[in-house]
Amino acid sequence: MTEPTSDCEVSESGLDSNLKIGFWAAIVNFIFGLFFLATVAASFIALKGPPVGIYLTLTSVASLIGAVALVFLWSAVHISTPPNRQIFSLSSLAMITILAALTCLTRIVQISLVPQA
């Protein structure tokens, strides 16, 4: 094993565990993405329109979980990126984090406040 050349490098076992987290985050994203699409399709078949009621709640929950899993996935991508390219992966991680925060914010408002209005 070679000596780390910077503080950004991770040991082999740390990289393996981070990649496993990234792998499972990708699986979760895929499953909830399929669940989201199936729920929207079921809504269009049953209601002949966009999701409302229980369909809206299910799509919102799928979006919430998918957004959080996307941050874990992108963190694993950033950690596995070579050190000379980590500035790009770090900036994309910042954008994904902002995307996830905005998605969670809008979905929580949609679940909690919109039905009352």
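Being a predicted model, the structure only gives us computed values, none of them experimental.

*Asks:* How should the side chain of T59 be read in this particular structure?
*Replies:* Among the structural elements, T59 can be located in helix α2 (residues 54–80). Residue T59 is classed as buried on the basis of its relative accessible area, which comes to 2%. Within the local environment of T59, its side chain forms a polar contact with the backbone oxygen of L56, the two atoms lying 2.9 Å apart. The contacts of T59, once residues within four sequence positions are left out, are F36, T39, V40, P51 and R107.

*Asks:* What exactly am I supposed to notice about the packing of α2 against helix α3 (residues 86–112) here?
*Replies:* Packed helices, taken two at a time, are described by the angle between their axes plus the distance between the axes. Between α2 and α3, whose axes approach to 9 Å, the crossing angle comes to 165°. Here α2 lies roughly antiparallel to α3, going by the angle between them. The hand of the α2/α3 crossing is left-handed. Residue composition of the contact of α2 with α3, grouped by class: 17 nonpolar, 11 polar and one charged.

*Asks:* I would appreciate a short explanation of the environment of R107 in the present structure.
*Replies:* Mapping R107 onto the fold places it in helix α3. Given the relative accessible area of 18%, R107 is considered buried. Taking the C-alpha atoms as reference points, R107 and V61, 46 residues apart in sequence, are found 7.8 Å from one another. Setting aside chain neighbours within four positions, we find R107 in contact with F36, T59, S60, S63 and L64.

*Asks:* What exactly am I supposed to notice about α2 here?
*Replies:* Compared with the 39 Å implied by 1.5 Å per residue over 27 residues, the 39 Å span of α2 between its first and last C-alpha is a close match. Of all the positions in α2, only L56, T59, S60, A62, S63, L64, G66, A67, A69, L73, A76 and H78 are classed as buried.

*Asks:* Looking at this structure, how should I read the confidence of the model for the protein chain?
*Replies:* In regions of low pLDDT, the predicted coordinates are not meant to be interpreted in detail. For the protein chain, the average pLDDT comes to 85, and 85% of its residues sit at 70 or higher. Confidence, read as mean pLDDT per element, is least for helix α1 (residues 12–47) in the protein chain (88) and greatest for α3 (93).

Scoring rules and cut-offs
- Numbering of residues starts from 1 in each chain and follows the order in which that chain's sequence is written.
- Per-residue local features are limited, in this predicted model, to residues with pLDDT of at least 70; the limit for side-chain atom pairs, both in listing and counting, is 80 or more; totals at the level of whole chains, interfaces and linings are taken over all residues.
- Side-chain calculation: all heavy atoms of the structure are included, whereas hydrogens and water are not.
- Starting at the N terminus, helices and strands are each numbered in turn, a helix being any DSSP run of H or I of at least four residues and a strand any DSSP run of E of at least two.
- Relative accessibility under 20% of the residue-type maximum defines a buried residue, over 50% an exposed one, and the middle range a partly exposed one, all with a 1.4 Å probe and only protein chains included.
- Identification of polar contacts relies on pairs of N or O atoms within 3.5 Å, with a donor-acceptor requirement for protein atoms, meaning one able to donate a hydrogen and the other able to accept it, and with residues adjacent in sequence counted only if both atoms are side-chain atoms.
- Pairs of residues are marked as contacts when any of their non-hydrogen atoms sit within 4.5 Å.
- The convention used is that axes are lines fitted to C-alpha atoms, helices contributing only their stretch in contact, and that angles between N-to-C directions extend from 0 to 180 degrees.
- Working definition: roughly parallel below 35 degrees, roughly antiparallel above 145 degrees, roughly perpendicular at 65 to 115 degrees, and oblique for all remaining angles.
- Crossings are classed by handedness, with left-handed meaning an anticlockwise turn of the near helix from the far one by less than a right angle and right-handed meaning a clockwise turn.
- Under this grouping Gly is polar, as are all residues other than the nonpolar Ala, Val, Leu, Ile, Met, Phe, Trp, Tyr, Cys and Pro and the charged Asp, Glu, Lys and Arg.
- Here a helix's expected span is defined as the number of its residues, less one, multiplied by 1.5 Å.
- Residue-level confidence of the predictor is summarised by pLDDT, bounded by 0 at the bottom and 100 at the top.

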